[in-house]
Amino acid sequence: MGSDHYFSASPASAENLRRVRVALAGRDLEVTTARGVFSPDHVDHGTGVLLANAPAPPPGGHLLDLGCGWGPIALTLAMESPHATIWAVDVNERALDLVRRNAEDLGLSNINASLPEDVPDGISFRTIRSNPPIRVGKSELHSLLERWIPRLDERSDAWLVVQRNLGSDSLQRWMAGTFENGYSVHRAATGRGFRVLRVRRHGSPPSGPIDLP
């Protein structure tokens, strides 16, 4: 694909829409995916580990899927929390179009598929769920998390899944040092070579130690 990555704003490759059978929120579904987005042929293994290990989402408020791709996390949140507003955020316009298409096909009216700059500044999130784009590079990834993690509501959690051999442990250490006052960072689960990391915003400096390997 050359320079045409899943984190490209406008993929140059042919769209090549396809229908894929997936299981989300305990339902067998058919969704639309395409070339030029992340994991177009199935639910990525890391995303599956995240969905299997994160708790049920809050029933209401604003919930964020950061780096949504074609939408497996956002669609799951929307089905599990029908009274919440789901923000599916990505820089890839094709991915956002797929999220909108899939939400409409599934009758989900509570998803906003948006570019990062189109999310209103005043919104805070009762949870963030993300299979973050590790391959954008460490600097961009850190900037991404520094932008969105502080938008957690107090007493709310971000749940991130990162492949172990792509730096999950170093990312955990970086987050523990960066989000120090009022946050805690823990490894919540491990599976299939992935770590699920939990970042909790307490609203005041945590009283206990940060859990590091």
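A brief report on the enclosed structure follows. Because the structure is predicted, anything quoted here is derived from the model rather than measured.

## Topic: the pattern of salt bridges
Side chains bearing opposite charge may pair, as long as their charged atoms lie close to each other.
Here's step 1: For the coordinates displayed, the defined rule picks out nine salt bridges.
Here's step 2: In this structure, Arg-19 engages Glu-30 in a salt bridge whose closest nitrogen and oxygen atoms are separated by 3.1 Å. Separated by 11 residues along the polypeptide, Arg-19 in strand 1 (residues 18-24) and Glu-30 in strand 2 (residues 27-33) bring together distant segments of the chain.
Here's step 3: Residue classification places Arg-19 among the partly exposed positions, given a relative accessible area of 44%.
Here's step 4: Among the salt bridges present, the one from Arg-198 reaches Asp-157, with a minimum N-O distance of 2.9 Å. With Arg-198 in strand 9 (residues 194-201) and Asp-157 in strand 7 (residues 152-163), this residue pair connects regions lying 41 residues apart in the sequence.
Here's step 5: Relative accessible area serves as the criterion here: at 27%, Arg-198 is assigned to the partly exposed category.
Here's step 6: Overlapping salt bridges, with partners in common, bring together Arg-19, Glu-30 and Asp-105 in one network.

## Points about unusual backbone geometry
Here's step 1: In this model, Ala-25 sits at a positive phi of 50°, which is unusual for a non-glycine residue.
Here's step 2: With respect to the helices and strands, the residue Ala-25 is situated in the loop between strand 1 and strand 2.
Here's step 3: Relative accessible area serves as the criterion here: at 32%, Ala-25 is assigned to the partly exposed category.
Here's step 4: Non-glycine residue Arg-155 carries a positive phi angle of around 60°.

## Observations regarding the packing of helix 1 (residues 45-53) against helix 2 (residues 72-80)
Here's step 1: Orientation of helix 1 relative to helix 2, taken along the N-to-C sense of each, is 25°, at an axis distance of 10 Å. The angle between helix 1 and helix 2 places the two elements in the roughly parallel class. Crossing of helix 1 over helix 2 shows right-handed handedness. On the side of helix 1, the interface is formed by Thr-47, Leu-50 and Leu-51, while helix 2 contributes Pro-72, Ile-73 and Thr-76.
Here's step 2: By residue class, the composition of the contact of helix 1 with helix 2 is four nonpolar, two polar and no charged.

How each quantity is defined
Residues numbered from 1 in each chain as written. Predicted model: local features only at pLDDT ≥ 70, side-chain atom pairs only at ≥ 80, totals over all residues. Heavy atoms only, no water. Salt bridge = Lys/Arg side-chain N within 4 Å of Asp/Glu carboxyl O. Helix = DSSP H or I, 4+ residues; strand = E, 2+ residues; numbered from the N terminus. Buried < 20%, exposed > 50% of the residue type's maximum accessible area, 1.4 Å probe, protein only. Axes fitted to C-alpha atoms, helices over the stretch in contact; angles between N-to-C directions. Parallel < 35°, antiparallel > 145°, perpendicular 65-115°, else oblique. Left-handed = near helix turned anticlockwise from the far one by under 90°. Contact = heavy atoms within 4.5 Å. Nonpolar A, V, L, I, M, F, W, Y, C, P; charged D, E, K, R; others polar.

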